[in-house]
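Here are the chains, one letter per residue:
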Amino acid sequence: MQGIIEFANSFFSPFIELGGPGLMFILISLFSLALGVSLSKSLEGGLKLGIALTGVGAVIGMLTDNFAPALQAFVKSTGIELPIIDVGWAPLATITWGSAYTLYFLLVLIIVNIIMLSLNWTKTLDVDIFNFWHLSIIGLLVMYYSNNNLFLATILVIFLGVLKFFNSDVMKPTFNDLLDMPEANPTTTTHLNFMLNPAIMLIDRIIDKIFPFIDKYDFDAAELNDKIGFWGSKFAIGIYLGTVIGFLGIEDWGAAFANPEAIGQTFNSIFGLAFIGAAALEMFSIVGQWFIAAMEPLSQGVTDFMSKRFNDRQVYIGIDWPFVAARPEMWAAANVIAPIMLVIAVILPGNGILPLGGIIAIGLTPALLVVCRGKILRMILIGTLAVPIFLWSGTAIAPFVTNVAQSVGAMPSGIESGTLITHSTLEGPVEKFIGILVGQAGSGEVTAILYAILAMAAYSALFYWYYKQMQKRNEEYKRQAEAE
């Protein structure tokens, strides 16, 4: 086993060190070339994907970096005690990739994907290698709680990886519908945030029973914009959020309006955050379109290759989630959920995190978009109900995250000794709890084993039910296409 780990590290390390954009540029370009796409088009697709990934990261960074000081000021002024620091996803990715076992898990999942493709158990070829760290962190959780039981961690990572590939296949028609993608476009995703779909769909079905009238009051973001003008536009929604965060950041209301200079500084800060929020939402929409455009050369290459050699067998390409960022409903819901999340964090028993790095809940809203298909009221309601799961999960893994960060020398600078770090809206909150339970079962205690078995059984049953529901949805898509 140690030899496999060493091989994985020596083979993959140079590529992973390139970072997500650089790695995906190389992979998409080489894969396109291998499928017969011209050098120019291959490079164009790879470059566009790398630029899109960089753009998404820059916009998210701009939002969190500017909103965080205002939220910290809010905590200071209210005296709230939430001691765990929310560092966002980027430091956690760095920490996870700093572990020697992450590249081992990557190798295992690549082999699993190849086997499933060969056996025609999945249509998805996962090229989103950088985001394999999301499953690796679950494997590392198992090892943390099981005294380094690598076998147990590997089994769970493989199990979740298989389900992710099934999920990427079954979501594809919904992506086509949401983004008006042609059937030939191979774009899908295996990102871990969409593994929250089963839980979201369960809540969605409960809403159908309790509030069957809710869709009468829902609205389409584009139609709303046509009816009420810019008030419902993406940039207006961003302004609303920035303004709310700006007002929350006023520590001393008396001092803020004590003199003309203080008033000017106060409103300068509020306007600044409002315009940052507006700019971010507009840029998200633009960058989202780049993901789809980046896949066009590869799409044609895959179509031509499969038609010539495999009797038109369809193959999907799993990339990062932001190709859905073009849908305004996702950001509308994210901006409404953000202040709600802040309130929940303050009053939620068992939570120790102030959501700073995760205030824009990208670990949640893409899954809401897919399950609810852009119905904003449902997205906001279900998102509000799901927020505690993320906060509890982030709180639960904080000791583990801090321990791993210290062990690989990747603790973010400026954090005092003894302080715990985590991410408030890290993808896969349910899977994090599963990892903890499976890891504890590695101790051999009967009670811990029983809890892990029950959790795995419930998780598997829920996924199976969700998968069948998505298949029914896909049959509806097929009937609609045949009727047109």
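Criteria and cut-off values
Residues numbered from 1 in each chain as written. Predicted model: local features only at pLDDT ≥ 70, side-chain atom pairs only at ≥ 80, totals over all residues. Heavy atoms only, no water. Helix = DSSP H or I, 4+ residues; strand = E, 2+ residues; numbered from the N terminus. Buried < 20%, exposed > 50% of the residue type's maximum accessible area, 1.4 Å probe, protein only. Contact = heavy atoms within 4.5 Å. Core = buried A, V, L, I, M, F, W, Y, C linked by side-chain atoms within 4.5 Å. Phe/Tyr/Trp six-rings, centres within 6.5 Å; stacked < 30°, edge-to-face > 60°. Lys NZ or Arg CZ within 6 Å of the ring centre and 35° of its normal. Pairing = 2+ DSSP bridges. Axes fitted to C-alpha atoms, helices over the stretch in contact; angles between N-to-C directions. Salt bridge = Lys/Arg side-chain N within 4 Å of Asp/Glu carboxyl O. Expected span 1.5 Å × (residues − 1). Bend = angle between axes of the 7 residues up to and from the residue. pLDDT = per-residue confidence, 0-100. Parallel < 35°, antiparallel > 145°, perpendicular 65-115°, else oblique. Nonpolar A, V, L, I, M, F, W, Y, C, P; charged D, E, K, R; others polar. Left-handed = near helix turned anticlockwise from the far one by under 90°.

## Quick word on the overall build of the chain
Scanning the chain for helices and strands turns up 18 helices and five strands. With 484 residues in all, the chain has 54% of them scored as buried. Counting contacts in the chain only where the partners sit at least 6 residues apart, residues at least 24 apart contribute 81% of the total.

## Observations concerning the nonpolar core
Ranked by internal contacts, the top residues of the largest apolar core, which has 117 residues, are W331 and L364. At 13 residues, helix α16 (residues 376–407) tops the list of elements feeding residues into this core.

## Some remarks on unusual backbone geometry
Note: most peptide bonds trans; most residues except glycine with negative phi. Even without being glycine, N147 reaches a positive phi, approximately 60°. A relative accessible area of 69% places N147 in the exposed class. If you check the backbone angles, R373 has positive phi at about 50° while not being a glycine. Structurally, R373 can be placed in the loop between α15 (365–372) and α16. The exposure class assigned to R373 is partly exposed, which follows from its relative accessible area of 33%.

## Digging into the packing of aromatic side chains
The full count for this structure, using the stated rule, is nine aromatic pairs. A centroid spacing of 5.7 Å and a plane angle of 80° characterise the contact between F175 and F194, whose relative ring orientation is edge-to-face. In this pair, F175 sits in helix α7 (residues 150–179) while F194 sits in the loop between β3 (187–189) and α8 (197–210), placing the two residues 19 residues apart along the sequence. Taking relative accessible area as the criterion, F175 reaches 0% and is therefore assigned buried. According to the relative accessible area criterion, F194 is buried, its value standing at 0%. Taken together, the ring pairs connect F166, F463, Y466 and Y467 into an aromatic cluster. Positioned above the aromatic ring of F132 is the side chain of K164, whose terminal nitrogen or guanidinium carbon lies 5.8 Å from the ring centre.

## Considerations on the sheet that holds strand β4 (residues 316–319)
If you trace the three strands from one edge of the open sheet to the other, you get β2-β4-β3, paired in parallel fashion. Of all strands in the sheet, those with a lone pairing partner are β2 (124–126) and β3, marking the two edges. Averaged over all neighbouring strand pairs, the angle between strand axes comes to 40°, with direction disregarded. Two strands pair when backbone bridges link them, and β2 and β4 are joined in this way by three bridges, in the parallel orientation. Note that in β4 the partner of L125 across the bridge is I317. Contacting β2, β3 and β4, α7 runs over the sheet at an angle of about 135° to β3.

## Considering the pattern of salt bridges
Across all of its chains, the model carries six salt bridges by this definition. Its salt-bridge partner being E44, residue K41 comes within 3.6 Å of it at the nearest N-O pair. A residue pair is termed a helical-turn pair when its members lie 3 or 4 positions apart in one helix, as K41 and E44 do in helix α3 (residues 39–78) at three residues. With a relative accessible area of 44%, K41 lands in the partly exposed category. A salt bridge links E475 to K478; its shortest N-O distance comes to 4.0 Å.

## Examining the side chain of T96
Here T96 lies in helix α4 (residues 89–97). Judged by relative accessible area, which is 2%, T96 ranks as buried. With sequence-adjacent residues up to four places away left out, T96 is seen in contact with T102, W133, S136, I137 and L140.

## With respect to helix α17 (residues 429–441)
When the terminal C-alpha atoms of α17 are compared, their 19 Å separation across 13 residues agrees well with the 18 Å that a helix rising 1.5 Å per residue should span. Of the positions making up α17, those classed as buried are P429, E431, K432, I434, G435, I436, V438, G439 and A441.

## Section: the environment of S42
Mapped onto the elements, S42 comes out in helix α3. Those residues in contact with S42, other than ones at most four positions away along the chain, are S29, S32, L33 and V37.

## Digging into the side chain of N113
With respect to the element layout, N113 can be found in helix α5 (residues 100–118). For N113, a relative accessible area of 4% gives the class buried. What N113 contacts, discounting residues up to four positions off in sequence, is T122, T124, L125, D126 and F165.

## Here's the deal with helix α14 (residues 328–347)
The first and last C-alpha atoms of α14 sit 30 Å apart over 20 residues, in line with the 28 Å expected at 1.5 Å per residue. Of all bends in α14, the biggest is about 30°, found at A338, and the proline P339 comes one to four residues later.

## Considering the confidence of the model for the chain
Residue-level pLDDT values for the chain average 81, and 78% of them are 70 or greater. Mean pLDDT in the chain bottoms out at helix α1 (residues 2–16), which sits at 52, and peaks at α17, which reaches 96.

## Structural notes on the packing of α8 against helix α18 (residues 446–483)
Packing of α8 against α18 leaves a shortest axis separation of 9 Å and a crossing angle of 70°. In this view, α8 runs roughly perpendicular relative to α18, as classed from their interaxial angle. For the pair formed by α8 and α18, the contact residues are N197, P198, A199, M201, L202 and R205 on the first element and L462, F463, W465, Y466, Q469, M470 and R473 on the second. Here the residues of the contact of α8 with α18 are counted per class, giving nine nonpolar, two polar and two charged.

## Side note on the packing of α4 against helix α6 (residues 133–145)
Between α4 and α6, the shortest axis-to-axis distance is 10 Å and the interhelical angle comes to 65°. Every pair of crossing elements has a handedness; the one defined by α4 and α6 is left-handed. On the side of α4, the interface is formed by W89, L92, A93, T96 and W97, while α6 contributes W133, S136, I137 and L140.

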